[in-house]
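Remarks on the overall topology
One-letter residues, chain by chain:
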Amino acid sequence: MFGVHPWQGASRVCSSSQQVTAAPGPVVPAPLAAASQGLPELPGDPAPAPHPSQAVQAAFLCSLNQIWVKVCQLIHHLLNRYQVMVDEQSLNFLLSYCISALRQCSSWTHVEILQALAALVYNNGPKCQKFLPDLLGKAGLLLQLSDPAQPDVELRRAAVRSMANLCLSVPGQPYLDESYRSVCFQTFLSVLQSSKTTDVDDITFCMLLQSALKGVQSLLNGGKMKLMQIDQIGALLAVLKKCMFHGLPGLSIEVPTALYPAPLPQYDKRSPAKQEQSEPAASKQTGVSWAAPVLQPVCCVVSYLSYVCAGKEPPSWQPCKRLSSSESESYQANVRQGALACFLSTIKSIEKRVLYGYWSAFVPDAPGIGSPQSVSLMTIALKDPSPKTRACALQVLSAFLEGSKQFLSVAEDANDHKRAFTPFSVTIASSIRELHRCLLLALVAESSSQTLTQIIKCLANLVSNAPYSRLKPGLLTRVWNQIKPYISHKGLHSLCCSPPLLCVLALLVKGYFPMAQSYFLGLGEVACRCMEEMDPSIQLHGAKLLEELGTGVLQQHKPDSATAPEQRVPVSVVVTFWTMMLNGPLPGTLQNSPHATLQTSACDALSSILPEAFSLLQGDQQILCVTLLLGLNHSENPLVKAAAARALGVYILFPCLRQDVMFVADTANAILNSLHDKSPNVRAKAAWSLGNLTDTLIINMETMGQSFQEELSDVLLLKLLRSATEASKDRDKVKSNAVRALGNVLHFLQPCHVANPRFREAIEESLQALIATVGSEATMKVRWNACYALGNVFRNPALPLGEAPWATQAFSVLSSVVKSCKNFKVRIKSAMALSIPSRRECYGSPEQFCHIWSALVEALQRSEDTEDFLEFKYSSSLRSQLCQALLHLLQLARSSDLPLLGSSLREHGHAIRPYVLQYLSSPGHEGDSGAHTDLGHRERALQGAIEHLSAVERELQGKARLRVSLFLEDVLTHHTSATELAEA
């Protein structure tokens, strides 16, 4: 039988009827052909015989079609059930075989052929490129069979499924061309837009929708398809909204063909659920394809053969298939889940700013008076009978909420709005309130642990993005009241087993600590219990909670805290809290954990301890903390090492530790070790800690005096200087703190160090590094710190400021920056540095002194020149600092400086006067240093400059061309008159 090419036989038999087009096709492979042998004979009663020639032709054609069906069933069976891998040569052969079969076999075989085709192309899309014109081209087979006009829905579903499988991507392999992607997308969209007709059963239609949804999801995921066109987005979101409510009991909605983004509102036309015309179960039957024909009694053979000879699809002889309602509901739930999964992929393919235009179509809003509640994702989360579907809806909602801080920031309902229209801000606020209500309702009602987890994740995203300060109070109280029971001893286990719940708790503590502080010790117990769990993710959330609790206390106890002392967590309670932590799992987590992220988080938590509480801990606990951090600073993991280096930078500022020379030395060596690490992050953290450590040197020098300076090793000091100099050449994140440290060390040096030959070269290199950084094109933060550092250098009387060549370079670069830097905060800091030297000889020659004066005058005149509007808010502070610097120079001026000063005032005095008057009369502007001068201090500075210059001018005995003091006296007179007039 298989010795003859089947299609040649078929063409000969059917040449007279022209029902099958003769075309060359692939030879049936031997194993598949063999599997097609042994078809059972048709049993049953004899029937009247048709004309002999018709019977022969029909029987032969029937056997060929059945062979095709059997072969395709075998392909589908081997690939689907046994996961047989097909090599490229076999794939090409079998695809050609299926394409030929679709073109030449009777239509009743097409479903089975398409099932085989779907199995073949699954995860083999990149290998099917040469067959795409036949399948997806203008007259492609899959396009024809999936056309909306296709009457056989089962056949259409099989074609759509094959198309969806072709859209699956394979990592590292080329994807479908744009033209094919577009064709597939439009096909899937048309399927999803179609409605079920009365002659189609529920399950078949559900399977058709599922195939289309999987196809869209594959295009979005694998093809990295970006939805850009509004009509395309709107049409897709409309069908997804329709499908995600498909078959939801008690709900019937009408969705427009396209959704449009705000400000065009879309309203759900919701109608009461229509009562299905219930029929007896026997009347419900599905259309049964001839995919796997069941051999019927012989009495039906004649009728069967007559259909085949006429080229028509034979009718079904199978018994009517009855559908149970539970089976239908399961398929409908699968459609809803598929739509939600596709929606999740869609969210990732749309820019957030575009996505939020459709916020009102999917996120609940409080219903208006007398109007029904709009359907939304929360409708599914609250009403869908399937826990998996509810979880899917919540997952989509969570993705909606993730990253929504900017969008939600406009929400505002703290004030009552009595207007003819509802502002957008109030609409969004209403939506936020409704989300809280629905999620908390779901939290109480939900019984599925998987869905409960998704509810809490949604709450976490909502809490982290909602602008509660702009909303009426009470929302967070309700969230807190739902979570609060878990903090009790009975609820600890449930809380410690739920990372999302712990995440919500940490967010509440972080943003709204006053609400949580009454449960401070209970929350500490929660953190302890979490870190005792075996699951590393639970341990990590416990460490995060611990860090937020510690940070909340730190914020409360800051000197500038708005929290009244009596409303803060008492220090004694904080000591109890940290004693519990250090006697609990925290040290073990830091020492033995194989998880670097957990160790890092635990290290961050240990650095959040309140300094006042640390000083009251027992000595062995203090030693334990320090020993742990010093040990972790040698970790091979860069995350852990960076966290330890940062924590040491926190501890070095503790009053009870910073005066301990041995601790300072050990910490310095540890930080210097990390400063040379290959990880940029470790170096950046170490540089920050080095800046803190050198701040400590200055504090100790000012509070402890020479005793501390003598105890600190010269070798260590030299290492600090050299390491900071080297770090100042690193990337900007390291450099900004390295230059800060350089300024502190150079300020700390004593005359013995400056005179020491070992220090001389290091000092020169460090000064040149600072000067170069000030004038560089580094970030503004780096240059700001470098100006600050040079100011610190100028404070050290041991350095030869007036005579050293580097001093001329330093003054020159600061004078340039104060005039021309684009960043006003850097200008302010450079002006501040120029006003720090306290003796005239520090400024060098008269020419250099007057060069600095001229630079300050020019900077004052250009204090409003900027291309960046954001810099204007610093212009007033800049002028104040410049006027302060000018008065400082006048208070130090010598007689040799007066000629140049007089000349400058003759030329620019009229421009300077208004600024100085404004400086004297305006309230003290807080500069970026955090300090400000009051009006009395400014007047005294001016009066002091007048007295000093008058004395100098008297020494000249009238030889000065212009009495500078007279200019200042005139300014003071105008200021006094204006003040008296204002007071009158």
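Reading the values: the criteria
Residues numbered from 1 in each chain as written. Predicted model: local features only at pLDDT ≥ 70, side-chain atom pairs only at ≥ 80, totals over all residues. Heavy atoms only, no water. Helix = DSSP H or I, 4+ residues; strand = E, 2+ residues; numbered from the N terminus. Buried < 20%, exposed > 50% of the residue type's maximum accessible area, 1.4 Å probe, protein only. Contact = heavy atoms within 4.5 Å. Areas by Shrake-Rupley, 256 points an atom, 1.4 Å probe, with all protein chains shown as cover. Axes fitted to C-alpha atoms, helices over the stretch in contact; angles between N-to-C directions. Parallel < 35°, antiparallel > 145°, perpendicular 65-115°, else oblique. Nonpolar A, V, L, I, M, F, W, Y, C, P; charged D, E, K, R; others polar. 1 Å grid on protein atoms, 1.4 Å probe; cavity = no way out; pocket = protein on both sides within 12 Å on 5 of 7 lines; lining within 4 Å. Points joined across faces, edges and corners; volume = space filled by probe spheres on them. Phe/Tyr/Trp six-rings, centres within 6.5 Å; stacked < 30°, edge-to-face > 60°. Lys NZ or Arg CZ within 6 Å of the ring centre and 35° of its normal. Salt bridge = Lys/Arg side-chain N within 4 Å of Asp/Glu carboxyl O. Expected span 1.5 Å × (residues − 1). Patch = residues over 30% accessible without salt bridge, like charges linked within 9 Å, V, L, I, M, F, W, Y side chains within 5 Å. pLDDT = per-residue confidence, 0-100.

The name an unreviewed UniProt entry gives the protein chain is HEAT repeat-containing protein 6, with Zonotrichia albicollis as the organism.

Right, let's get into the overall build of the protein chain. Counting its secondary structure elements, the protein chain contains 48 helices and two strands. Looking at the 984 residues of the protein chain, the share that counts as buried comes to 52%. In the protein chain, the share of contacts with a sequence separation of at least 24, taken over all contacts with a separation of at least 6, comes to 72%. On the protein chain, roughly 45000 Å² of surface is accessible, and the fraction owed to carbon and sulfur atoms is 54%.

The N-to-C vectors of helix H25 (residues 520-532) and helix H27 (residues 571-582) enclose an angle of 10°; their axes lie 10 Å apart at closest approach. As the angle between them shows, H25 and H27 are arranged roughly parallel. Mapping the contact onto sequence places Phe-520, Leu-521, Gly-524, Glu-525 and Cys-528 in H25 and Val-573, Val-574, Thr-576, Phe-577, Met-580 and Met-581 in H27. A breakdown of the residues in the contact of H25 with H27 according to their chemical character gives eight nonpolar, two polar and one charged.

Let us look at empty space enclosed by the protein. Counting across every chain of the model gives four cavities of 30 Å³ or more. Within this model, the largest cavity holds a volume of roughly 70 Å³. Around the largest cavity sit Trp-853, Cys-883, Leu-886, Leu-887, Leu-890, Leu-905, Ile-912, Val-916, Tyr-919, Phe-967 and Leu-968, which together line it. Only helix H45 (875-892), helix H46 (898-921) and helix H48 (964-983) provide two or more residues apiece to the lining of the largest cavity. Residue classes in the lining of the largest cavity are distributed as 11 nonpolar, no polar and no charged.

Evaluated as defined, the whole model comprises 22 aromatic pairs. Residues Phe-614 and Phe-654 carry aromatic rings whose centres are separated by 5.2 Å and whose planes lie at 55° to one another, so their mutual orientation is tilted. Placement of Phe-614 in helix H30 (residues 611-616) and of Phe-654 in the loop between helix H32 (638-651) and helix H33 (655-658) is noted, with a sequence separation of 40 residues between them. Under the relative-accessibility criterion, Phe-614 is labelled buried at 0%. Feature note: the residues Phe-343, Tyr-356, Trp-359, Phe-362, Phe-400, Phe-407 and Phe-424 constitute an aromatic cluster, connected by ring pairs. Geometry around Phe-362 places Lys-241 over its ring, the cationic atom sitting 5.7 Å from the centre.

Within the secondary structure layout, Thr-696 lies in helix H35 (residues 680-704). Residue class for Thr-696 comes out buried when judged on its relative accessible area of 0%. Sequence-distant contacts of Thr-696, defined by excluding residues within four places in its chain, comprise Ile-652, Leu-653 and Arg-658.

Proximity of charged atoms lets side chains of opposite charge pair with each other. A full pass over the atoms with the stated rule returns 20 salt bridges. Two residues, Arg-181 and Glu-178, come together in a salt bridge whose shortest N-O distance is 3.6 Å. Residue Arg-181 and its partner Glu-178 are located together in helix H9 (residues 178-193), separated by three residues, close to a single helical turn. What makes Arg-181 buried here is its relative accessible area of 18%. Measuring nitrogen to oxygen at the nearest pair gives 3.0 Å for the salt bridge that ties Glu-858 to Arg-862. According to the relative accessible area criterion, Glu-858 is partly exposed, its value standing at 31%. Through salt bridges with shared partners, a single ionic network connects Lys-819, Glu-858 and Arg-862.

Here helix H20 (residues 449-465) is 17 residues long and its end C-alpha atoms lie 25 Å apart, about the 24 Å a rise of 1.5 Å per residue gives. The complete set of buried residues in H20 reads Thr-451, Gln-454, Ile-455, Ile-456, Cys-458, Leu-459, Ala-460, Asn-461, Leu-462, Val-463 and Asn-465. Those residues of H20 hidden inside the fold are in contact with helix H17 (387-401), helix H18 (405-408), helix H19 (424-445), helix H21 (475-483) and helix H23 (499-511).

Moving on, we get to a nonpolar patch on the surface. A surface patch of nonpolar side chains, about 270 Å² in accessible area, is lined by Leu-78, Tyr-82 and Val-84. Mapped onto the secondary structure, Tyr-82 falls in the loop between helix H3 (52-80) and helix H4 (88-104).

For the protein chain, the average pLDDT comes to 83, and 83% of its residues sit at 70 or higher. Confidence over residues 1-60 falls short of pLDDT 50; this stretch has 80 contacts with residues more than four positions distant or in other chains. A low-confidence stretch, residues 264-323 (pLDDT under 50), is modelled with 102 contacts involving residues beyond four sequence positions or located in other chains.

Next up on the list: unusual backbone geometry. One non-glycine residue with positive phi stands out, namely Gln-83, at about 55°. Relative to the elements of secondary structure, Gln-83 occurs in the loop between H3 and H4. The class for Gln-83 is exposed, based on a relative accessible area of 56%.

With that settled, the discussion passes to the environment of Ala-262. Take Ala-262: it is sitting in the loop between strand E1 (252-254) and strand E2 (269-271). What makes Ala-262 partly exposed here is its relative accessible area of 43%. When the C-alpha positions of Ala-262 and Ser-360 are compared, they lie 8.2 Å apart, and in sequence the two are 98 residues distant.

Here Leu-920 shows up in helix H46. Along the backbone, Leu-920 and Gly-936 are 16 residues apart, and their C-alpha atoms lie at a distance of 8.6 Å. Apart from residues lying up to four places away in sequence, Leu-920 is in contact with Leu-935, Arg-938, Glu-939, Leu-942, Val-971 and His-975.

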